[in-house]
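# A structural walkthrough
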Amino acid sequence: MLGNSFEIDSFLDDREVQILLKFSEVLPKTFNDSPDKKAYTTGFPIEKIPVKNFRSRLEAVFGKCNVTVAMILEEFTPWIVHTDYLLPGDKNPYYAVLIPLEHDNKDTHTIVFNELGTEENWREQLIEDKNYNYTADELRLLSHHDENILKKLSLGKVHKWEKGKMIAWHRRLLHTSDNFKVADLKQKTALVLFLNKDD
């Protein structure tokens, strides 16, 4: 049984990572200019992914599922806490998958919390302080957040980026980028997939 969030080292090898980076160069870029998610979020049909047996390898981990979103994420502003649960047309959201492709070999992370974001008003539902004792390192990674929201969250897992590693979390879970600017990282790039279990 899959955990709330987990990692698989070397899901893609170095050659496949380079193939995806080349593939991303020819895609017409889509700019996401929402206030808290400035990035290129360039989507493409999963059938076009230039990695051999990718779909069967994915299903070996997750079983039968649909890929409702496939995109190359080029993030240049650290994202804040958000949910991937609320997408139009998804009846049964499953996992989000992130595979790092480029991060200048600097330390950067995806951080998954224990709290859920399954409703439009998930922010208003975060009422109680969780009394989670963040370490100094965790607070450094989360230094782009207001401490008032951090008080209402408890940290589930910090996933360190490594090229080709699969990082996955259930889409109901709140999560965030780290503040990669403190590592002097200007931009980071990943393959991102949203899965569902709709019929």
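So, a few notes on the structure that sits alongside this text.

Thresholds applied
Residue positions within a chain follow its written sequence, with the count starting from 1. Where local features are concerned, this predicted model is filtered to residues with pLDDT of at least 70; where side-chain atom pairs are given and counted, the filter is 80 or more; whole-chain, interface and lining totals use all residues. Computation of side-chain values: all heavy atoms of the structure, hydrogens and water removed. The classification of residues rests on relative accessible area computed with a 1.4 Å probe and restricted to protein chains. Under 20% of the type maximum is buried, over 50% is exposed, and intermediate values are partly exposed. To qualify as a helix, a DSSP run of H or I must reach at least 4 residues; to qualify as a strand, a run of E must reach at least 2; elements of each kind are numbered from the N terminus. Strand pairing is assigned whenever DSSP identifies at least 2 bridges connecting the two strands. Whenever a helix is involved, its axis is fitted only over the stretch in contact; in every case the axis is a line through C-alpha atoms, and angles between N-to-C directions fall within 0 to 180 degrees. Between two residues, a contact is recorded if the distance between any of their heavy atoms is within 4.5 Å. Should a side-chain nitrogen of Lys or Arg be within 4 Å of a carboxyl oxygen of Asp or Glu, the pair is scored as a salt bridge. Nonpolar core, defined: a set of buried Ala, Val, Leu, Ile, Met, Phe, Trp, Tyr and Cys residues in which side-chain atoms within 4.5 Å join the residues together. For the purpose of charge, His is not counted, nor are the chain termini; Lys and Arg are scored as positive and Asp and Glu as negative. Polar contact is the term for a pair of N or O atoms within 3.5 Å; when the atoms are in protein, one must be able to donate a hydrogen and the other to accept it, and sequence-neighboring residues count only if both atoms are side-chain atoms.

Before going further, it helps to spend a moment on the pairing of strand β10 (residues 188–196). Each regular strand displays side chains that alternate between the two surfaces of the sheet. The buried fraction of β10 amounts to nine of the nine residues, a majority that puts the element mostly inside the structure. Here β10 shows two buried faces, one formed by Lys188, Ala190, Val192, Phe194 and Asn196 and the other by Thr189, Leu191, Leu193 and Leu195. Both strand β4 (residues 66–75) and β10 contribute to a ladder of nine bridges, which runs antiparallel. The residue bridging Glu75 from the neighbouring strand is Lys188, located in β10.

Let us look at the sheet that holds strand β7 (residues 155–160). With antiparallel pairing, the three strands of this open sheet are ordered in space as β7-β6-β9. If you trace the sheet from one side to the other, it starts and ends with β7 and β9 (173–177), each paired once. Pairwise comparison of adjacent strand axes, ignoring direction, gives a mean angle of 20 degrees for this sheet. Relative to β7, strand β6 (residues 109–116) runs antiparallel, the two being bridged by five bridges. Within β7, the residue paired with Val112 across the bridge is Lys157.

If you trace the seven strands from one edge of the open sheet to the other, you get β1-β8-β5-β10-β4-β3-β2, paired in antiparallel fashion. Looking along the sheet, the strands with just one partner apiece sit at the ends: β1 (5–8) and β2 (31–32). Direction of pairing for β2 relative to strand β3 (residues 39–43): antiparallel, over a ladder of two bridges. Looking across to β3, one finds that Phe31 is bridged to Tyr40. Packing of helix α1 (residues 14–26) onto the sheet brings it into contact with β4, β5 (93–102) and β10, and relative to β5 it is tilted by some 95 degrees. Along the sheet, helix α2 (residues 54–62) contacts β1, β4, β5, β8 (166–170) and β10; its crossing angle with β10, the most-contacted strand, is approximately 65 degrees.

A few words on the pattern of salt bridges. Any two side chains of opposite charge can pair, on the condition that their charged atoms come close. Inspection of the entire model under this criterion finds eleven salt bridges. One salt bridge connects Asp107 with Lys160, and the closest N-O pair in it is separated by 3.2 Å. One end of the pair, Asp107, is in the loop between β5 and β6; the other, Lys160, is in strand β7, and 53 residues separate them in sequence. With a relative accessible area of 35%, Lys160 lands in the partly exposed category.

Secondary-structure assignment places Leu191 in strand β10. Put simply, Leu191 and Pro100 are 91 residues apart on the chain and 6.4 Å apart in space, counted from C-alpha to C-alpha. With sequence-adjacent residues up to four places away left out, Leu191 is seen in contact with Leu20, Phe44, Ile49, Phe54, Met71, Ile72, Val97, Leu98, Ile99 and Leu101.

Next up on the list: the environment of Glu119. Looking at where Glu119 falls in the secondary structure, it is placed in the loop between β6 and α3 (122–125). Relative accessible area serves as the criterion here: at 40%, Glu119 is assigned to the partly exposed category. Beyond its immediate stretch of four places on either side in the chain, Glu119 contacts Leu86 and Gln125.

It is worth spelling out the nonpolar core at this point. Membership of the largest hydrophobic core comes to 30 residues, with the highest contact counts inside it found for Phe54, Phe62, Met166, Leu191, Leu193 and Leu195. Listing elements by their share of this core, those giving two or more residues are α1, α2, β4, β5, β8 and β10. Element by element, the count of residues in this core is highest for β5, at five residues. Contact partners of Phe62, with chain neighbours within four places excluded, come to Leu2, Phe6, Tyr94, Tyr95, Val97, Met166, Ala168, Leu195 and Lys197.

Within the secondary structure, Asp198 is located in the segment after β10. Look at Asp198: it is buried, it has no salt bridge, and the nearest opposite charge is Lys91 at 5.1 Å. Here the side chain of Asp198 touches Asn92 through a polar contact of 2.6 Å, landing on its backbone nitrogen.

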